[in-house]
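One-letter residues, chain by chain:
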Amino acid sequence: PKRGGKEALLQYIQNKIPHKNIKNFRSDWNDGTAVAALVDAHAPGLCPEADTMDPNNALQNATYAMQLGDDWLGIPQVLGPEDMTNPHVDELSMMTYLSQFPEAELKEGAPIGPKEDPKDITKVKVSGSGITGDGARVGKPAKIIVDCSESG
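How each quantity is defined
- Note that residues are indexed from 1 along each chain, following the sequence as it is written.
- Since the coordinates come from a predicted model, pLDDT governs what is reported: local features require at least 70, and pairs of side-chain atoms require 80 or more to be given and counted, while whole-chain, interface and lining totals use all residues.
- Side-chain numbers come from the whole structure's heavy atoms, not from hydrogens or water.
- Helix and strand assignments come from DSSP, with helices taken as H or I runs of at least 4 residues and strands as E runs of at least 2, each series counted from the N terminus.
- Burial here depends on accessible area, computed with a 1.4 Å probe over protein chains only, as a share of the maximum for the residue type. Under 20% is buried, over 50% is exposed, and the range in between is partly exposed.
- In protein, a polar contact means a hydrogen-donor-capable atom and an acceptor-capable atom, both N or O and within 3.5 Å, with residues adjacent in sequence counting only if both atoms are side-chain atoms; elsewhere, any N or O pair within 3.5 Å suffices.
- Any two residues having at least one pair of non-hydrogen atoms within 4.5 Å are treated as being in contact.
- In this description, one arc is meant: the one made by directions from the helix axis to the C-beta atoms.
- For helices, the fitted line uses only the C-alpha atoms of the stretch in contact; every axis is such a line through C-alpha atoms, and the angle between N-to-C directions lies from 0 to 180 degrees.
- Orientation is classified from the angle alone, with under 35 degrees giving roughly parallel, over 145 giving roughly antiparallel, 65 to 115 giving roughly perpendicular, and any other angle giving oblique.
- Working rule for handedness: look at the near helix, and if it is turned counterclockwise from the far one by less than a right angle, call the crossing left-handed; if clockwise, right-handed.
- Three residue categories are used. Nonpolar comprises Ala, Val, Leu, Ile, Met, Phe, Trp, Tyr, Cys and Pro, charged comprises Asp, Glu, Lys and Arg, and polar comprises the others, including Gly.
- By convention, a stacked pair of Phe, Tyr or Trp rings (six-membered ring in the case of Trp) has centres within 6.5 Å and planes under 30 degrees apart, an edge-to-face pair has planes over 60 apart, and any other such pair is tilted.

**Observations regarding the side chain of His-42**
Point 1. Along the chain, His-42 falls in helix 2 (residues 33-42).
Point 2. Taking the relative accessible area as the measure of exposure, His-42 reaches 18% and is therefore buried.
Point 3. A polar contact of 2.7 Å, which involves the side chain of His-42, links it to the backbone oxygen of Ala-104.
Point 4. Beyond its immediate chain neighbours, meaning those up to four positions away, His-42 contacts Tyr-12, Lys-16, Leu-73, Phe-101, Pro-102, Ala-104 and Glu-105.

Have a look at this one:
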């Protein structure tokens, strides 16, 4: 059976930001951190501070994330941050706003932060007697060399 729009949108959001454990279109959005996480999940590095935002600064979080979404993803604010952070936020308004994310595209020149460029740990080189076992002795220090120069 085909899922309705509400279930499909919720599924999309849960897949994008599983760590936020989103179950509804009201209270789960009130502290502004979920919309910030969604902005960053949609465009990694656009809102790298999403994971460290203070949930007590709800209006500030929502305002910042929604402005990023508006400026760089072209997602108009069909409701305001003060609406999103209200426990009685209109569910349909929230769904209308959030339904714009799947089709949104990052604009040229967006201020992508450090999350966009992760270090490549496959280029870390580890060597020495402590790794190979050559000349390693019980109770004696073993040499281990870690070279991260090519990992970024």
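Here the narrative resumes.
**Remarks on helix 5 (residues 91-98)**
Point 1. Looking only at helix 5, the buried set comprises Met-94, Met-95, Tyr-97 and Leu-98. Angular distribution of buried residues about the axis of helix 5 spans 160°; they occupy a single face of the element.
Point 2. Structurally, helix 5 contributes buried residues whose contacts are with helix 1 (5-16), helix 2, helix 3 (58-73) and helix 4 (81-84).

**Some remarks on the packing of helix 1 against helix 5**
Point 1. Running from N to C, helix 1 and helix 5 point in directions that differ by 55°, and their axes come no closer than 11 Å. Comparing their axes, helix 5 and helix 1 come out oblique. You can see that helix 1 and helix 5 cross each other, and the crossing is left-handed. Each of Lys-6, Leu-9 and Ile-13 in helix 1 lies in contact with helix 5, whose residues at this interface are Glu-91, Met-95 and Leu-98.
Point 2. Its residues assigned to classes, the contact of helix 1 with helix 5 shows four nonpolar, no polar and two charged.

**Quick word on the packing of aromatic side chains**
Pairs of aromatic rings are described using the distance from one ring centre to the other and the angle between the two planes.
Point 1. Under the definition given, this model contains one aromatic pair.
Point 2. When the ring of Tyr-97 is compared with that of Phe-101, the centres are 5.8 Å apart and the planes differ by 80°; the resulting orientation is edge-to-face. For the residue pair Tyr-97 and Phe-101, the accessibility class agrees, reading buried in each case.

**Focus on the environment of Ile-144**
Point 1. Relative to the helices and strands, Ile-144 resides in the loop between helix 6 (129-132) and strand 2 (145-147).
Point 2. Separated by 16 residues in sequence, Ile-144 and Gly-128 place their C-alpha atoms 4.6 Å apart.
Point 3. Not counting the four nearest positions on each side in its chain, Ile-144 is found in contact with Val-126, Ser-127, Gly-130 and Ile-131.

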